[in-house]
Amino acid sequence: MLQHLAPALRAIVGWFGLTLASVQAAQADTVSVAVAANFTAPMQKIAAAFQADTGHKAELSFGATGKFYAQISNGAPFQILLSADDTTPARLEKEGKAVANARFTYAIGTLVLWSAQPGYVDAQGAVLKTGDFKHLAIANPKIAPYGMAAMQAMDKLGVTARLQPRLVQGENIAQTHQFVATGNAQLGFVALSQVMADGKITSGSAWQVPADLHEPIRQDAALLLPGKDSAAAAALLSYLRGDKARAIIRSHGYSF
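Residues numbered from 1 in each chain as written. Predicted model: local features only at pLDDT ≥ 70, side-chain atom pairs only at ≥ 80, totals over all residues. Heavy atoms only, no water.

**Student:** Looking at this structure, I do not really get the pattern of salt bridges. What am I missing?
**Tutor:** Any two side chains of opposite charge can pair, on the condition that their charged atoms come close. The full count for this structure, using the stated rule, is five salt bridges. Between Glu95 and Lys97 there is a salt bridge; the shortest N-O distance is 3.7 Å. Overall, Glu95 belongs to the partly exposed group, its relative accessible area being 33%. Lys97 sits in the partly exposed class, given a relative accessible area of 26%. One continuous salt-bridge network, built from bridges that share partners, spans Arg91, Glu95 and Lys97. (Salt bridge = Lys/Arg side-chain N within 4 Å of Asp/Glu carboxyl O. Buried < 20%, exposed > 50% of the residue type's maximum accessible area, 1.4 Å probe, protein only.)

Shown next as structure tokens:
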């Protein structure tokens, strides 16, 4: 008797599994996310895990926070902003372009002085005062928070005036990293997340800039008005606070 029932039970279980998968697929949605360039690597991993775990897809755009602010102000239909600072989300909220009381700090960034050359940057960052490099790359401080932090650090170290002629500016932190990675600049101020994976510097040499040399790089998430009623947007914001996402974020050199 049981032998006769087994095929029927397997059929029922299989049907139930297919039905459940169909329901999940029907409920899955896509959320459009503007992501600060420094958060590229961890967000790509988080988006993949998010889709595998929830069925929702995160459509990612990477760039400078200042440019995203301009685009959002001009009606760009992003649903979430993962900013490189905490002032832009607050400003968007104040201007009525982000949902009130929905923003939170998803990561605190770390600034590093990095060179693609092993041994070039010393453990104290003295190369800024003693090095004979031709170019030092930074992100545009007017639109990129990491660029602003770099300027603040150089000001506190008293090297800004001497280094000003050697500065080359990237439009965002991704382009800044590219300048250094390709050797067009011997060193540059980048995000630790760009040169770290699994808790280790992946290549070259780096000096982690002490936190007291610049204002904290608090990176806030904002739920923008186009995402107000999006289940996928709500799910992603919740996912960013979860253990799996935080483990990925921490492995790239961020804190909370």
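There's plenty left to go through after this.
**Student:** When you look at the sheet that holds strand β1 (residues 30-36) in this model, what are you seeing that I'm missing?
**Tutor:** Judged by pairing direction, the sheet is mixed, and its five strands sit side by side in the order β2-β1-β3-β12-β4 without closing on themselves. Both edges of this open sheet fall to β2 (57-63) and β4 (104-109), since each of them pairs with a single strand only. Here the strands of the sheet are splayed against their neighbours by 20° on average, with no regard to which way each runs. Note: β4 against strand β12 (residues 217-223), five bridges, orientation antiparallel. The partner of Ile108 across the bridge, within β12, is Arg218. On the sheet, helix α2 (residues 40-54) packs against β1, β2 and β3 (80-82) and is oriented at approximately 170° with respect to β2. (Pairing = 2+ DSSP bridges. Helix = DSSP H or I, 4+ residues; strand = E, 2+ residues; numbered from the N terminus. Axes fitted to C-alpha atoms, helices over the stretch in contact; angles between N-to-C directions. Contact = heavy atoms within 4.5 Å.)

**Student:** What am I meant to see in empty space enclosed by the protein here?
**Tutor:** If you roll a probe as big as a water molecule over the atoms, it shows you where there is empty space left. Counted according to the given criterion, the structure contains one cavity of 30 Å³ or more. The volume enclosed by the largest cavity comes to roughly 60 Å³. Every residue lining the largest cavity is listed: Ala36, Ala37, Asn38, Gly63, Ala64, Thr65, Ala84, Ala144, Pro145, Tyr146, Asn172 and Ile173. (1 Å grid on protein atoms, 1.4 Å probe; cavity = no way out; pocket = protein on both sides within 12 Å on 5 of 7 lines; lining within 4 Å. Points joined across faces, edges and corners; volume = space filled by probe spheres on them.)

**Student:** Just checking my understanding: could you explain the layout of surface pockets for this structure?
**Tutor:** As a volume, the largest pocket reaches approximately 380 Å³. Lining the largest pocket we find 21 residues, and of these Asp85, Asp86, Thr87, Pro145 and Met148 sit closest to its centre. Elements with a contribution of two residues or more to the lining of the largest pocket: α3 (65-73), α4 (87-94), α6 (145-157) and β12. Counting residues per element, the lining of the largest pocket draws most heavily on α6, which supplies four residues. Counted by class, the lining of the largest pocket contains ten nonpolar, five polar and six charged residues. As for the second largest pocket, its lining consists of Ile108, Gly109, Thr110, Leu111, Gln208, Val209, Pro210, Ala211, His214, Pro216, Ile217 and Ser255. Among the residues forming the lining of the second largest pocket, the class breakdown is seven nonpolar, five polar and no charged. (Nonpolar A, V, L, I, M, F, W, Y, C, P; charged D, E, K, R; others polar.)

**Student:** What is the right way to look at the side chain of Thr110 in this model?
**Tutor:** Within the secondary structure, Thr110 sits in the loop between β4 and β5 (111-115). The class for Thr110 is buried, based on a relative accessible area of 14%. Of note is the side chain of Thr110, whose polar atom sits 3.4 Å from the backbone oxygen of Gly253. Once residues within four sequence positions are removed from consideration, Thr110 is found in contact with Tyr146, Val190, Ala191, Leu192, Gln208 and Gly253. (Polar contact = N/O pair within 3.5 Å; in protein donor to acceptor, adjacent residues only side chain to side chain.)

**Student:** Could you clarify how one ought to interpret the pairing of β5 in this entry?
**Tutor:** Taken residue by residue, a regular strand's side chains alternate between the two faces of the sheet. The buried fraction of β5 amounts to five of the five residues, a majority that puts the element mostly inside the structure. Residues Leu111, Leu113 and Ser115 line one face of β5 and the alternating positions Val112 and Trp114 line the opposite face, and both faces are buried. Where β5 and strand β8 (residues 187-191) come together, four bridges link them in antiparallel fashion. Each residue of the ladder has a partner; that of Val112, found in β8, is Val190. Across four bridges, the pairing between β5 and strand β11 (residues 205-208) is antiparallel. Opposite Trp114, over in β11, you have Ala206 as the bridge partner.

**Student:** Help me understand the sheet that holds strand β7 (residues 167-170), please; the structure alone is not making it clear to me.
**Tutor:** Read from one edge of the open sheet, five strands run β7-β6-β8-β5-β11, paired in mixed fashion. Of all strands in the sheet, those with a lone pairing partner are β7 and β11, marking the two edges. Adjacent strand axes in the sheet meet at a mean angle of 30°, parallel and antiparallel pairs treated alike. Contacting β5, β6 (136-139), β7, β8 and β11, α6 crosses the sheet at an angle of about 130° to β6. Each of β5, β6, β7 and β8 is contacted by helix α8 (residues 173-181), which is oriented at about 145° to β8, the strand it contacts most.

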